[in-house]
Each structure stands twice: as C-alpha cells, then as structure tokens.
Amino acid sequence: MAGSPESLSGQDVGSFAYLTIKDRIPQILTKVIDTLHRHKNEFFEKHGEEGTEAEKKAISLLSKLRNELQTDKPIIPLVEKFVDTDIWNQYLEYQQSLMNESDGKPRWFYSPWLFVECYMYRRIHEAIIQSPPIDDFDVFKESKEQNFFESQESVMTLCAYLQESMKAVEELGEEQLKGEFFKFLQVSLWGNKCDLSLSGGETSSQKNNLMNSLQDLQPFVLVNDSERLWSLLSNCKKTREKASVRVDIVLDNAGFELITDLVLADFLLSSKLATEIHFYGKMIPWFVSDTTIHDFNWVIKQVKHSNHKWTSKCGVDWANYIKMGRWVYHDHLFWTLPHEYWAMPQVAPDLYAELQKADVILFKGDLNYRKLTGDRKWAFTIPFHQVLNGFHPAPLCSLRTLKAEIQVGLQPGQGEELTASEPNWLTTGKYGIFQFDGPL
Ligand code: F6P
Ligand code: MG
C-alpha cells in the first residue's frame, strides 16, 4: 500500500516481533518435534516401519527449519506440491522484489514479521506432508484438545447461561436483549485470550467463570463499537427488509474460544438477530490453536456428548443448525496465506464475493487484526477505515485481545498514556477491542 509505514519486523531488536522470532517460534518448533517423538509408537503401530521412517523424516525437516530460523538464513521456496505452493512462492518473489540489491534475500529477522511467521507454520505443514504416511497428522491437535478439556467448567457455565437466557429471549424488551447481546459479544472477545501461540503452546485454558468477570473486564476494552454492531443487527431485525440476516464469523482459536463463538452464534439465531451464520476456519494446522474443520466438528461432538444437561443440549442444537444449513462452515486457502486482507479481491476473488453476502462479518483474534491492518507501524490514532485500504466486503467488526504491537483508531493520547503506565499493554492479551467499520 503506497505511503503506508514500515511493516513490523524482527529487525527491531527488543520488539515483540523480534522476541517472537528469537524465542517463541523456536520454542513452538521444539514442542512440535517433541510431539512427533512422543507419537513414535503410535505411528509404528499404525504404519509399521514406514511410520517410524516418516516420523524421523518429519523431525529432521523440522530441525532443519529451526536451524534456518535461528541462523537467520534466507527464506527458501516451498518444494512440496500443494494447492497453495505457487501462490506462496510468488509471494516470496514479491518480498524479494521489495528489497534493495544490497539487502540480499528475504530473511527471518529482516522480512515482515507477518510474512515470516505465517511462512513458519506453512513450513511445518510442508514437513508433515513430505512425510507420508503420517501426512495428515495435526501436530497441534493434542494442545487444542487439552485446552478444551481444561476449560470444561467454563464451558458448562456458559452453556447453562445460554440455555437459561434463551428460555426468556422471546419476552425480552429491546434494552434487555441488547444487554444480553453485549454479554455474549464480550464472552467471545475475552475467549480470544485463550490462544496457544502466545503461550508458546503451553496451556492457556479458561478456568474462571467468565460470565462473572465481564463487568470487571470492561475498563480493558479500549475501543468499544459494540453499539454500532447492535444498531446494525437490531435494525435488520426491526425493518425485516430481508428474509435472511447473515452474520459471518472468521474464526480464530479452537478450544474455549471456539465455544464462546458458537455460543454467540447460537444466541444470534435464537434471538432472531440473525437467521444464518457462516464460519470460516483454517485448511491446515495454524498458529498452534487455530480452528480447522476437524476441530470444529470435534468440539461440537464433545459438547453434544457431554454429561452435563445444558451443555449437551447446546451440542444437539448446534449439530441441528449445521444439518439445517443455518450454520455453514467454509474452508479457503486464503486464510493460511501471508497476504494482507486488502489483497483478497485479487488473490481470492471467490472468497471476497462470499463475504460480500454477509450483513456483517466478525473477525476474531489478533492475527486477523494484523492482516486487516497490514501489520504496519501505524500511528495509534489513524482511523481503522483508512488502514483497511479498501477492504470492505461488508460491514465488519474486529473482536481482538491485543497480542501484537499494533493498534489503530485510538483517541489522541490514549496509546501514549497506556505506554507510560504499562509498557507491555499491546502484547499481553489483557486489553481488547470491538472495532467496527461500516456505515455510520
Ligand atoms: O505470535 C504472533 C501472534 O500473531 C501474536 O500476535 C498472537 O499472540 C498470536 O500470534 C495469535 O493470536 P490470535 O490467536 O489471537 O490470532
Ligand atoms: Mg489464533
């Protein structure tokens, strides 16, 4: 984007990008290697010697990757043929074209952080698909499932609250309905604290009763455009100009965050604020905890088979929504590319056209925010609309807890004040935003 500031990158020693590439990413890679090791016997039992060989091969490819990263080697093209290989390699050439002659090749600590971090997860996937017969192994599956199991108590509380709230939903007045809507939105926002890449793949489950903490968390919402979201949806409901009202949710993490998103989606249907919900997940294991179709189906199945009455009621309803086509899950390779979202009309016109059918799109999480804003060193006060750089498939709202050194659309002085009192405010996940872009 012409005239935009520099990208966040590992060049800035001491920045969160730098620390991520230096410490957190190697830690994640080591954990992936350990996971493969631990599944050694399982691979042997399933595939015999071939399984053992495949495990060794994947580990050696991943060790090589870790070494390339730690010694800041040039970023190399992908070699294994997959649906997106050519697009990735073209993007690498594009990164090369942005460099000066004297800079050499794109490198881990030199190139945009967004690019190298996405590339790292894509290379993990390459190591796995180069190692048949274990080429469908999800190296993050265990952590995602553990996060879900450790959040059991919170899942039950949330499901019970949802069922209780739905009983009375028809009788709620406008203000009460709005109050409930805001609650479920906040639950989905704070659910985004539970991402496993920030914690280096360590558990980051939800153990407290989130419903009881919402009030206390309010001061940590730095941008709150939820009123605009409410106006949009309640107007759709009131005017009923259209038979259908469609909300699209670009999912982030599996485990507890996914539950909070499904609970919100259920509330939107039960309250008739929406008539259909479309979800978007990742086609390959991504940023440790991101949701794949497997995770999506797995979570719904777990909820359905819960021993807890209200939880399993949720699971039954959710499976029905899917059956009836009121909940639709979409896969698209664009979500696991390194591109900023303003490139979507060129790179994935079919996906852009799909998103245009939504009445509003909710983008969950930190990585989506980085891609919406291009992961640049924007001033804190620049308007959100401006940094989207023409990406407006439909009105949209980011629900994100802050885990990267980027935030736009703040009030003058707000960012500086936070920096003075809490130097790490941008990266701990303590703060959150509901940032909306759409008609006023
Ligand atoms: O490690 C990079 C990063 O984008 C962080 O900024 C963030 O902690 C994480 O990955 C992804 O977070 P989320 O799951 O909220 O997209
Ligand atoms: Mg994530």
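None of these values were measured; they are calculated from a predicted model.

Peer 1: Let's hear about the overall build of the chain: which residues, and what values?
Peer 2: Per the secondary structure count, the chain includes 18 helices and 7 strands. In summary, the chain has a C-alpha radius of gyration of 22 Å against a globular reference of 22 Å for 440 residues, a match within 12%. Along the three orthogonal principal directions, the C-alpha set of the chain runs to about 65 × 55 × 45 Å. Looking at the chain as a whole, 59% of its 440 residues are labelled buried. Here the analysis covers contacts within the chain between residues at least 6 apart in sequence; of these, 80% occur between residues at least 24 apart. About 18,000 Å² of surface is accessible on the chain, with carbon and sulfur atoms providing 52% of the total.

Peer 1: Quick one: what's the story with the pattern of salt bridges, residue by residue and with numbers?
Peer 2: This structure, assessed with the given rule, holds 31 salt bridges. One salt bridge in this structure joins Glu-257 and Lys-364, with 2.8 Å as the shortest N-O distance. Of this pair, Glu-257 sits in helix α11 (residues 256-270) while Lys-364 sits in strand β5 (residues 360-364), and the two are 107 residues apart along the sequence. For the pair Glu-257 and Lys-364, one class covers both residues: buried. Taking the shortest distance from any N to any O, the salt bridge between Glu-422 and Lys-430 comes out at 2.9 Å. Taking the relative accessible area as the measure of exposure, Glu-422 reaches 22% and is therefore partly exposed. On the basis of relative accessible area, Lys-430 is assigned to the partly exposed category, the value being 30%. Connected through shared salt-bridge partners, Lys-64, Glu-68, Arg-123 and Glu-126 make up one network.

Peer 1: Run through the coordination of the magnesium ion (ligand 2), naming residues and quoting values.
Peer 2: Within the protein, Asp-252 (OD), Asn-253 (OD1) and Asp-290 (OD) serve as the donor atoms for the magnesium ion (ligand 2), at 2.1 to 2.2 Å. Spacing between the donor residues of the magnesium ion (ligand 2) along the chain follows D-N-x36-D. Separated by 38 residues along the polypeptide, Asp-252 in the loop between β2 (246-250) and α11 and Asp-290 in the loop between β3 (276-281) and α12 (293-304) bring together distant segments of the chain. The two residues Asp-252 and Asp-290 agree in class, both being buried.

Peer 1: Talk me through unusual backbone geometry; I want residue IDs and the actual numbers.
Peer 2: Across the junction of Pro-132 and Pro-133, the peptide omega takes the value 5°, indicating a cis bond. For Pro-133, the position within the fold is in the loop between α5 (113-129) and α6 (141-150). Phi is positive for Asp-72, which is not a glycine, with a value near 50°. Turning to its location among the elements, Asp-72 is positioned in the loop between α3 (49-70) and α4 (85-97). Taking relative accessible area as the criterion, Asp-72 reaches 21% and is therefore assigned partly exposed. In this structure, Phe-287 takes a positive phi of about 45° despite not being glycine. Positionally, Phe-287 belongs in the loop between β3 and α12.

Thresholds applied
- Residues numbered from 1 in each chain as written.
- Chains lettered and ligands numbered in written order.
- Predicted model: local features only at pLDDT ≥ 70, side-chain atom pairs only at ≥ 80, totals over all residues.
- Heavy atoms only, no water.
- Helix = DSSP H or I, 4+ residues; strand = E, 2+ residues; numbered from the N terminus.
- Rg over C-alpha atoms; globule rule 2.2 N^0.38 Å.
- Buried < 20%, exposed > 50% of the residue type's maximum accessible area, 1.4 Å probe, protein only.
- Contact = heavy atoms within 4.5 Å.
- Areas by Shrake-Rupley, 256 points an atom, 1.4 Å probe, with all protein chains shown as cover.
- Salt bridge = Lys/Arg side-chain N within 4 Å of Asp/Glu carboxyl O.
- Donors = N, O, S within 2.8 Å, 3.2 Å for Na, K, Ca; no water.

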